[in-house]
Amino acid sequence: MTNRFQLTSSQFTFITAFVFLTVFNLPFLRAAYAAAAKTENTSFLFLIALPCLVFALLHLLASLWVWPVIAKPITALLFIVSCFVVYAQVSYGVVFDYGMIQNIFETDTSEATSYLSLSAVFIVTGLIALSSLWLFKIEISYRPLLREVLAKCMTNAVVLGIAGALTLSCYAEFAATARNNPELKRQLIPFEWVDNTYDYWHDQLSYSAKNFVTLDARPVLEPHAGNLARLTIVIVGETARADHFAYNGYERDTNRFTRVFDPLYFKDMVSCGTATAVSVPCIFSDLSRQAFSANKARQRQNLLDLAQDAGVDVAWIDNNSSCKGMCLRQTYERIPTDADPEQCDGDYCFDSILLDRLQTHLKNLDEHDRLIVLHEIGSHGPTYYRRYPDKYREFTPDCPRSDIQNCDQAALINTYDNTILYSDFINSKIIEQASRFTQRAVSVLYVSDHGESLGDSGVYLHGLPYSFAPDEQTHVPMWLWTNHHQDELRGCLAHYQASEASSHDNIFYTLMQLLGVHSAVTSPELNMLEHCDSVS
């Protein structure tokens, strides 16, 4: 029989809190010490008080689940999940706020596996072994219920009392560090990811179709001024950052393909979020970034609903994870990842496959106005090298691996720029297909959902909380091409092409006018086409 070590519940709680502190919260302590060092007169006492305070809070948290039967399973689960969390924090600079938790649960298998690498498997497995294997070698003894409760209360009172006294003795340093660095608390494990996971599932389970909000039961489709049927294509890009677009002054000609169509480029466009799960529904919602939540957006009419209710034929074609709840009542086509062996590898398809699907839809146009949304996989990381064929591997050497933090940054940027260039090629072909319909009022709008960090300041990927996300994650490209009144639009929208800021908040109302949908839902200050008489 295997020998097991006997631990009291108090000892087990103490060790659990110590493991959380030393294995999972060292990145937090390092960041907090670095932040405190920027202030004047950081004392040695502060250096001691901070881990004591974190330990006391972890001890209090652990004592809540250290009870017979459930203590070891819950501890093991929290340890294992925290291993993945701390790896992502250290390797990519990821913060597990609500948006990131939402992104995790709403991603697909192909996207999730793209983060796997040998180094990731090795490091996470090592962390799991370090933090969790001892659980199999111990047994926990408990006191009678009343004595157990009293022991927990007394132990927590002592631990919190000591930590509290130390904290109060250098309160000014704690206050200054916390006030100047509000993002630090988001690195605390497991507090942050557990809290946001609870909030996410609370929102999901509280969703009810009975609470659906109808913004306008009778939107009206106004005929085009030239009596033409409209064809509107919205391209939702993935992970494209504005400063890597030649249109935005980037030194590489990453827009050479669409440049021949001379689209109207919006220079200072910012995203609604830093993750697809937030930005995509926000683009098509009337909710502003400040008021937005994915749960609210799902429970109300969106742009696609209003367009369809007004009489526009609406379809969404997806080469990404999903429409994030925005096309639940419209025609939806998800392209299988094995749809074409020349364009797909079983995990992903190149965006060229969207051209085939678009062509099929365009062949079936009738006399009705048509809105088609194309959701690209674009520059989705970390496996950027899988987003473009070898023919478009122009910037070399690139980084053909998923553990991008181990790549030379120049090679990583080359890889990313290849994705931007290839997306530009695909987008030029979309315009080319649409432009053949000369007897229609054709509009093609491209906008990225969010940007991307490429090792800037040690941060990779995206998904940082918006309040302190860098410009690389929030400054996104957008352009508009039409086959009618392009010159008039260029003059009307000149201020947006120069320096006037715009955001995803503008898209809902601007597209409504571009589609000719008149509704009770209006916001002239957000409609970029409000004063463009040539568009109707």
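As the structure is a computational prediction, the values presented were derived from the model and not from experiment.

Caption draft 1: Spotlight on the sheet that holds strand β15 (residues 502-503). Pairing is mixed across the open sheet formed by three strands, whose spatial order is β13-β6-β15. Looking at which strands have only one partner, the edges of the open sheet turn out to be β13 (475-476) and β15. Relative to β15, strand β6 (residues 269-270) runs parallel, the two being bridged by two bridges. Its bridge partner being in β15, Val 270 is matched across the sheet by Ser 503.

Caption draft 2: Structural context of the state of the cysteines. For the structure shown, the criterion picks out five disulfides. The partner cysteine of Cys 323 in its disulfide is Cys 327, sulfur to sulfur 2.1 Å. One quick way to see it: the torsion about the S-S bond of Cys 323 and Cys 327 is about -90°, and its sign makes the bridge left-handed. Across the disulfide, Cys 399 is cross-linked to Cys 407 (sulfur-sulfur distance 1.8 Å). Residues Cys 399 and Cys 407 are joined by a disulfide whose S-S torsion is about 45°; by sign, that bridge is right-handed. Accessibility expressed as a relative area gives 3% for Cys 399, which makes it buried. Since its relative accessible area comes to 15%, Cys 407 is described here as buried. What connects to what in the protein, once the bonded cysteines are numbered by sequence position, is 1-2, 3-4, 5-6, 7-8, 9-10.

Caption draft 3: Expanded view of the pattern of salt bridges. Across all of its chains, the model carries 19 salt bridges by this definition. The shortest N-O distance in the salt bridge between Arg 186 and Glu 192 comes to 3.8 Å. Residue classification places Arg 186 among the partly exposed residues on the basis of a relative accessible area of 21%. When its relative accessible area of 9% is taken as the criterion, Glu 192 is described as buried. The partner of Asp 369 in a salt bridge is Arg 230, and the shortest N-O contact between them spans 2.9 Å. With a gap of 139 residues between them, Asp 369 in the loop between α14 (352-363) and β9 (370-375) and Arg 230 in strand β4 (residues 229-237) connect regions that are remote in the sequence. Accessibility classification places Asp 369 together with Arg 230 in one group, the buried group. The network of salt bridges with common partners includes Arg 241, Asp 243 and Asp 456.

Caption draft 4: Main features of helix α7 (residues 118-132). Taking 1.5 Å per residue as the helical rise, α7 with its 15 residues ought to reach 21 Å, and the 21 Å between its terminal C-alpha atoms agrees with that figure. By the burial criterion, the buried members of α7 are Ala 120, Val 124, Leu 127, Ser 131 and Ser 132. Along the axis of α7, the buried positions cluster into a sector of 95°, meaning they face one direction only. When the buried face of α7 is taken as reference, the exposed residues oriented beyond 90 degrees from it are Leu 118, Phe 122 and Leu 130. Packing partners of the buried residues in α7 comprise α1 (9-24) and α4 (71-92).

Caption draft 5: Here's a closer look at a nonpolar patch on the surface. Among the surface-exposed residues, Ile 104, Phe 105, Trp 201 and Leu 205 lie close enough to one another that they form a single nonpolar patch of about 420 Å² accessible area. Put simply, the parts of the chain that give the nonpolar patch at least two residues each are α5 (98-105) and α10 (191-206). In this structure, Trp 201 sits in helix α10.

Caption draft 6: Region of the structure containing the packing of aromatic side chains. Considering all chains together, one arrives at 27 aromatic pairs under this definition. Note on Phe 12 and Trp 134: the rings are 5.6 Å apart at their centroids and 40° apart in plane angle, and the pair reads as tilted. Of this pair, Phe 12 sits in helix α1 while Trp 134 sits in the loop between α7 and β2 (138-141); the two residues are 122 residues apart in sequence, bridging distant segments of the chain. There is no split in this pair, since Phe 12 and Trp 134 are both buried. For the pair Tyr 200 and Trp 201, a centre-to-centre distance of 5.3 Å together with 80° between the ring planes defines the contact as edge-to-face. By relative accessible area, which is 38% here, Trp 201 ends up partly exposed. Members of the aromatic cluster, connected to one another through ring pairs, are Phe 245, Tyr 247, Tyr 265, Tyr 446 and Trp 479. Lying over the aromatic face of Trp 67, Lys 152 brings its terminal NZ or CZ to 4.6 Å of the ring centre.

Thresholds, definitions, all that
- Residues numbered from 1 in each chain as written.
- Predicted model: local features only at pLDDT ≥ 70, side-chain atom pairs only at ≥ 80, totals over all residues.
- Heavy atoms only, no water.
- Pairing = 2+ DSSP bridges.
- Helix = DSSP H or I, 4+ residues; strand = E, 2+ residues; numbered from the N terminus.
- Disulfide = S-S within 2.5 Å.
- Buried < 20%, exposed > 50% of the residue type's maximum accessible area, 1.4 Å probe, protein only.
- Salt bridge = Lys/Arg side-chain N within 4 Å of Asp/Glu carboxyl O.
- Expected span 1.5 Å × (residues − 1).
- Arc of directions from axis to C-beta.
- Contact = heavy atoms within 4.5 Å.
- Patch = residues over 30% accessible without salt bridge, like charges linked within 9 Å, V, L, I, M, F, W, Y side chains within 5 Å.
- Areas by Shrake-Rupley, 256 points an atom, 1.4 Å probe, with all protein chains shown as cover.
- Phe/Tyr/Trp six-rings, centres within 6.5 Å; stacked < 30°, edge-to-face > 60°.
- Lys NZ or Arg CZ within 6 Å of the ring centre and 35° of its normal.

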